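If you want the building blocks of each chain, they are given just below.
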Amino acid sequence: MLRNAVAIAGVGETDYSANSGRSELVLALQAIDTALADAGVEPDAVDGLMRWSVDTSAEGEIAANLGMRNLAWFGEISQAGNVGAALVTAAAAAIHAGLANVVVVYRGVNGRSGRRYGRGDVTGRGGRGGGAFTEPFGVLTPQHGLAMQTRRRMHELGTTERQIGMVAVTERAHANRNPRATFYERALTIDDYLGSRYVVEPFRLFACCLETDGGGALVLTSTERARASGRPVAMIRAAAMSGFAGEREYIDTSAVALAPRLWAQAGVAPSDVDVVQIYDHFAPFVIFALEDYGFVERGDGGPFVESGGAMWDGGALPVNTSGGHLSEAYLQGMNQLIEGVRQARGESTAQVAGAQLSFVDTGVGTGAVILERG
Amino acid sequence: MAELPLPVPSEDNQPFWDSLRAGELRIQRCARCGTLRHPPRPMCARCHAFEVEWAPMSGRGTVYSYIVTHQPIHPALVDRVPFATVLVELEEGPRITSNLVDVPPAEVAIGLGVQVVFEWASDEITLPLFRRAGAAPPGA
Ligand SMILES: [Zn+2]
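Small disclaimer: the values here were computed from a predicted structure and weren't measured.

Engineer: When you look at the sheet that holds strand β3 (residues 52–56) of chain B in this model, what are you seeing that I'm missing?
Structural biologist: One key point about sheets: their strands pair by backbone hydrogen bonds, in either a parallel or an antiparallel sense. Residue and element names in this part refer to chain B. With respect to topology, three strands assemble into an open sheet ordered β2-β1-β3, the strand pairing being antiparallel. The sheet is open, and its two edges are formed by β2 (36–37) and β3, each paired on a single side. Of the pairings in the sheet, the one linking strand β1 (residues 26–30) to β2 comprises two bridges and is antiparallel in character. Counterpart to R29 in the pairing with β2 is L36.

Quick look at the structure:
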């Protein structure tokens, strides 16, 4: 069993901007250097590299720049932006199995000044494959397909636009405490939200993630080794991934398939978790993830968020405490992982007092980790 | 003006597009166990048979979900917004992504009854679109 044998020993990120002025490779390398320093790990101890399949910096380029002589474990996971926790799962499994000692998970992306996910630049298929059955009718970006699923789920479970808006308001309040956040200095009220234009109905402007240039990295190693630095570490109590399941119900997220495995592996219940990060490409999926992971019953996620339950200030279960993809930056799950580590180490700008268990989802079910203070 | 992508048929779904070009909506059906599936796939997920039939549909269905694109986040939508896309549940069960030819975006709703129409797009491609059920076909 993986339980707490491996830890995230260090995290690193670059500044977040709309135009980084440097290559995606440089962004990744800068984040990696910062993460190694944070972990107290010498660069030549790194023997593993893992990346998003959509990341443009191949492990060979990273290894050459880092001066690595021994790349014992590498790989990528396909899909799109939603594989961060799945990569952590694979990296932790490799370390736990003794196949690598120190694995770096990295992401460097010019998501605003370069190829834009919000326009389908990366995911568009030109009418090929499954795109033949969706793109000719205007389903051209991830947003279109997810809006379609959202509309049906709102219809079946009664989730309202005001509840969705309160996700954005909650995250913005958290971003207003986080100097790294894109929207650090801009407030958002529910009236602002409901008055904002539709992008793809039912998604209003502030229900949609940012587009960001930036880099992020995580350093994983054994908990024993991580502790040698003397710094606080985030132990991986449980980690799991879940691929596409063709037979699931239309409104289900992948969390329906992942959650039972994750909770069984962790040996804890949702009510034991102190703080939660969720992949918020679009605001309603925070509500759907809270429901499908079992933090609340189906249909109760909207009322929970609407009543302030996800707020750092007074909420029962603070969610996306850095501002998330909606208000901090869109680093495709990397910023959720970094914030989850910070919460476990007691270093967040919206720190949950005494947090022991820090939950991170990076794809509404594609992957999730439960981090424990250690 | 950028155009919406046209479907690029593959050897695993060519009969679907051939049926549309002939003015029919046919959905893939497992020749062994009879399970309908869409979009087409080579293998039946239920019994693993590769043998398929192409079953004619009534063309009747209801709107199962819908979206309205307001901001032209893709170049192909610049001159089309607001632009509704619907997910139609056919009365035989399968769901198919499409557009409505005679319903303004503000009037699209879950549960709306619809009927297939065939829209010529190129010599190779005819698209399955939908109109309100009971309405006269456009141009009739
Ligand atoms: Zn079959």
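Engineer: Whenever I open this one, the environment of P232(A) confuses me. Can you help?
Structural biologist: All names here are of chain A. Tracing the sequence through the fold places P232 in the loop between α7 (223–227) and β8 (234–241). Taking relative accessible area as the criterion, P232 reaches 33% and is therefore assigned partly exposed. For P232, the residues in contact, after removing those within four places along its chain, are R345, E347 and G374.

Engineer: Would you mind showing me how to read the nonpolar core here?
Structural biologist: Soluble, globular proteins show a tendency: their nonpolar side chains are buried together. Counting 62 residues, the largest nonpolar core has L290(A), Y293(A), F295(A), F359(A) and I370(A) as the members making the most contacts within it. One finds L2(A), I8(A), A100(A) and L337(A) within the second-largest nonpolar core, a separate group that totals 39 residues.

Engineer: Explain the pattern of salt bridges to me, please; I cannot follow it from the model alone.
Structural biologist: Any two side chains of opposite charge can pair, given that their charged atoms come close. Taken as a whole and assessed by the stated rule, the structure comprises 26 salt bridges over all chains. Between R60(B) and E91(B) there is a salt bridge, with the nearest N and O atoms lying 2.9 Å from each other. Highlighted residues: R60(B) in strand β4 (residues 60–69) and E91(B) in the loop between β5 (83–90) and β6 (95–98), separated in sequence by 31 residues. A relative accessible area of 46% places E91(B) in the partly exposed class. Each of R153(A), D252(A), E291(A), D292(A) and R298(A) takes part in salt bridges that share partners, so that together they form one network.

Engineer: Could you clarify how one ought to interpret the coordination of the zinc ion in this entry?
Structural biologist: Reference geometry at the metal: tetrahedral coordination by four donors gives ideal angles of 109.5 degrees; octahedral coordination by six donors gives 90 or 180 degrees. Residues and elements named next belong to chain B. For the zinc ion, the full set of protein donor atoms is C30 (SG), C33 (SG), C44 (SG) and C47 (SG), at a range of 2.3 to 2.4 Å. Between the four donor atoms coordinating the zinc ion, the angles at the centre fall across 99 to 117°, so the site counts as tetrahedral. Site description for the zinc ion: donor spacing in sequence, C-x2-C-x10-C-x2-C. Linking C33 in the loop between β1 and β2 with C47 in the loop between β2 and β3, this pair joins segments that are 14 residues apart in sequence.

Engineer: Before we go on, may I ask you to explain the interface of chain B and chain A in this structure?
Structural biologist: Interface size is often expressed as the accessible area that is lost when the parts come together. Contacts between chain B and chain A engage 37 residues on the former and 30 residues on the latter. Surface buried jointly by chain B and chain A totals about 2900 Å² across both partners, of which 65% is contributed by carbon and sulfur atoms. The tally of links between chain B and chain A comes to zero salt bridges. Counting every contact that joins chain B to chain A gives 12 residue pairs in polar contact (both at pLDDT 80 or more). Of all the elements in the fold, those that place two or more residues in the side of chain B that touches chain A are α1 (14–21), β4, β5, β6 and β8 (126–132) of chain B. Of all the elements, β4(B) adds the most residues to the side of chain B that touches chain A, at six residues. Here the residues of the side of chain B that touches chain A are counted per class, giving 24 nonpolar, 11 polar and two charged. Note that strand β5 (residues 198–201) of chain A and β4(B) share two bridges and pair antiparallel.

Reading the values: rules and limits
Residues numbered from 1 in each chain as written. Chains lettered and ligands numbered in written order. Predicted model: local features only at pLDDT ≥ 70, side-chain atom pairs only at ≥ 80, totals over all residues. Heavy atoms only, no water. Pairing = 2+ DSSP bridges. Helix = DSSP H or I, 4+ residues; strand = E, 2+ residues; numbered from the N terminus. Buried < 20%, exposed > 50% of the residue type's maximum accessible area, 1.4 Å probe, protein only. Contact = heavy atoms within 4.5 Å. Core = buried A, V, L, I, M, F, W, Y, C linked by side-chain atoms within 4.5 Å. Salt bridge = Lys/Arg side-chain N within 4 Å of Asp/Glu carboxyl O. Donors = N, O, S within 2.8 Å, 3.2 Å for Na, K, Ca; no water. Tetrahedral: all angles 85-135°; square planar, octahedral: opposite > 155°, others 65-115°. Buried area = accessible area lost by both parts, 1.4 Å probe. Polar contact = N/O pair within 3.5 Å; in protein donor to acceptor, adjacent residues only side chain to side chain. Nonpolar A, V, L, I, M, F, W, Y, C, P; charged D, E, K, R; others polar.

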